[in-house]
Structure formats: structure tokens, C-alpha cells
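Listed here are the chains, written in short residue letters.
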Amino acid sequence: MPQYLLGMTLDELRSLCAAEGLPKYAPTQIADWLYRKRVRTIEGMSNLSKSHRALLQQKYEVGHIAAKDVVTSRDGTRKYLFPTGEEGQMIEAVMIPDHDRATLCVSSQAGCRMGCVFCMTGRQGFHGNLSSREIVSQFMNVAESESLTNAVFMGMGEPLDNWGEVSRALTILTSEWGFGWSPKRITLSTIGDLASLKDFLDNTECHLAVSIHNPFPDERAALMPVQRRYPIGDVLDLVRRYDFTGQRRVTFEYTMFAGVNDTRRHADALGRLLKGLECRVNLIRFHQIPDSPLRTSSPQAIEFFKERLEFCGVTTTVRASRGEDILAACGMLAGRNKQKQL
């Protein structure tokens, strides 16, 4: 089986080249071909000698992964379906256009083990972590690859549950030898895996989004079993240690469920929970998933909730619903594709 160059950091390329007896300048050249010139074959790395290319080709391939399917929404949102190394398992990436922005929502795992009851990905179970190659390949194999302006790690999976590979992907995205993106173009969304969250906050400058969905611990646990392992109070205690008064932002994601978490009682409790923290709450209209008793809150309930949070001093926005006609909520297209195979 070949090994893949895509997804390797510069340090890993240095180790590879040293082991293969390639010159010291080769790792930088290879990184440039992989992430800036976006070459598809080792043969295309024309400033490496023919003998060095032949040597690499004996063991390695570049390793791009082409999309298996793509669907386009009437609002311009595009969902891409990518195969993984496990037979029959698919992951998704969603490109969201918005005026002069093109944001790619990427996956970090095939499935998810967090078990949130409102999440289609969670219903599929956990089928494995994506490698940094599989993560970076999503950026490079959508039609909009060259025009992407932002990225959100909000697709399938919990990014901090696969922090080793996600961290490598972030290094590639933000390093000068890689994509060269500002970390302020990237947001990572998490339920709050505490050890990995601290490492993320200490060692990157990317924005943070925390899935909260209910301010009451027992009610949150009914929606998100991970509350029992990583209580939201502990997550907030950690987040409060960091400075979000400058360019780096922390957002709290709050999906609205009719009669479940959309009352004044919930809004006021959420306002108290976030008091004094420089943050934003993003209210999200629930995308209905099959066989779920949960329903999205009415526009009136969402607007009331927003006004109540703002009365409590919390900056609040309502996320525009995108791509519902193409099953753009994470996991829905991959889930449908899996059902077709059964």
C-alpha cells in the first residue's frame, strides 16, 4: 500500500526526506508542490530530480481524494460527498457562499461518538477518525477550492475528539509553507473536550464555537449526553481563562427546539451563564431529521429569545438557514447515501 504525502506537515516531510536520503531543500519544495501549487502527482514536482521523483514514487503518492457526489441548493450552497478509507463510509463538506465569502464546512470524523440526539451524524454511530490527509483533501477537492475565504470545522464529527489529526490539518492550513491562511479565517466547533480544548486554545489562534443548546445541566444532558463527561460549567471555566476581547472570537451555538429550550426561562438562564464573557450567541433553526420528535422553534419564538438575550447583555445573531433542500445539515446526505447501499 502506498503512503500519502498530502496531509504531512513540513516537519514530517523533513523526516521523510532524511530517511530517503533526499537533500535538505527537498521538504520545502515538496510542501510547496503539495499546498501552494497543488500538484496531483509526484511526477509533476518538476524541480525535484528525476531520480528523486522515481525514488518517491516507489513508496508514495500525493493522495488527493475526489468527491463522489455533489448537490447544489437553490441558494447556492453545495454539499460534497467524499469516500473514506473504510468501505462504504462517506463524509461531507459543505460550501456556503455569502456575498464575497465562500466558507467550507469540513468534517473531522466519519460519524461521531458524542450521541447528541438532534444530530444526524450522531445517529450513524462512529466509524473512525479522518486523517489529516482526508481533512485537507476536502479543501482541495471542491470546485471552489481556489476561492475559499473561510473554514468552519462544523461538519461530521467532533474535531477535538480527533485533535491529533485536526491539529495537523490546522498547521497545514495556517503555516506559511502550507495554505498560508490567517487563523482568523478558521472556526472550530466543539462540545468541549476539556484537555484538547485547552491545547487548541493554547496553541492556535483560530476562533472557537461551543455547542451549548441548553443552559440547564440536566436538560442539556438529555440532548447532549457528553454533558455528563464535560459539564458546560467546566467548559466555561476554561474558556474564561482566555482573552476574547481582541480579534479572536468565541461563539456559543444554540439550536432552537420548540418547547424544549426556547422559553424565557432558558434565555434568562443562558444570559446569566454567559454574563461577563466577551462572546456571541448564534441561534440556529433546527433542520428536521427523520424520525425525530424535535421540531424547530417558530420565527416568533426565535426572535423573542434573541431579544431576551440582548436584554441580558449578550450579543446574539440568528444564523441564516442554508441548503435545507439538499440536506445540508451535517450527516444527512451521507446518511441517505448509506441507506441507498443497504
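See above for the structure.
This write-up is about the structure you can find in this document. It should be emphasised that the depicted structure is a prediction, and the values quoted were computed from it without experimental measurement.

Details of the nonpolar core
Then, number 1: Residues Leu5, Ile30, Phe139, Phe153, Leu170, Phe200 and Phe252 are the most contacted members of the largest nonpolar core, which totals 96 residues.
Then, number 2: Excluding anything up to four places from it in sequence, Leu5 contacts Leu13, Leu16, Ile30, Leu34, Tyr35, Ile42, Met45, Tyr60, Glu61 and Val62.

A short note on the sheet that holds strand 5 (residues 90-98)
Then, number 1: Read across the sheet, ten strands follow the order 3-4-5-6-9-10-11-12-13-14 without closing on themselves; strand pairing throughout is mixed. Single-partner strands in this sheet number two, and they are strand 3 (69-72) and strand 14 (315-318). The mean angle between the axes of side-by-side strands here comes to 20°, regardless of whether they run parallel or antiparallel.
Then, number 2: By the bridge criterion, six bridges tie strand 12 (residues 250-256) to strand 13 (residues 280-285) in an arrangement that is parallel. Paired with Phe252 across the bridge in strand 13 is Val281.

With respect to the pairing of strand 12
Then, number 1: In terms of residue burial, strand 12 counts as a mostly covered element, since seven of its seven residues are buried.
Then, number 2: Side chains Val250, Phe252, Tyr254 and Met256 of strand 12 all project onto a buried face; the interleaved residues Thr251, Glu253 and Thr255 project onto the opposite face, where all are buried too.
Then, number 3: Inspection of the sheet shows strand 11 (residues 207-211) paired to strand 12 by four bridges, in the parallel sense. Note that in strand 12 the partner of Ser211 across the bridge is Glu253.

Digging into the packing of helix 5 (residues 132-140) against helix 6 (residues 163-174)
Then, number 1: Between helix 5 and helix 6, the shortest axis-to-axis distance is 8 Å and the interhelical angle comes to 40°. By the angle between their directions, the pair helix 5 and helix 6 is classed as oblique. For the element pair helix 5 and helix 6, the recorded crossing hand is right-handed. On helix 6, the residues touching Ser132, Ile135, Val136 and Phe139 of helix 5 are Glu165, Val166, Arg168, Ala169, Ile172 and Leu173.
Then, number 2: Broken down by class, the residue content of the contact of helix 5 with helix 6 amounts to seven nonpolar, one polar and two charged.

Calculation notes
Residues numbered from 1 in each chain as written. Predicted model: local features only at pLDDT ≥ 70, side-chain atom pairs only at ≥ 80, totals over all residues. Heavy atoms only, no water. Core = buried A, V, L, I, M, F, W, Y, C linked by side-chain atoms within 4.5 Å. Buried < 20%, exposed > 50% of the residue type's maximum accessible area, 1.4 Å probe, protein only. Contact = heavy atoms within 4.5 Å. Pairing = 2+ DSSP bridges. Helix = DSSP H or I, 4+ residues; strand = E, 2+ residues; numbered from the N terminus. Axes fitted to C-alpha atoms, helices over the stretch in contact; angles between N-to-C directions. Parallel < 35°, antiparallel > 145°, perpendicular 65-115°, else oblique. Left-handed = near helix turned anticlockwise from the far one by under 90°. Nonpolar A, V, L, I, M, F, W, Y, C, P; charged D, E, K, R; others polar.

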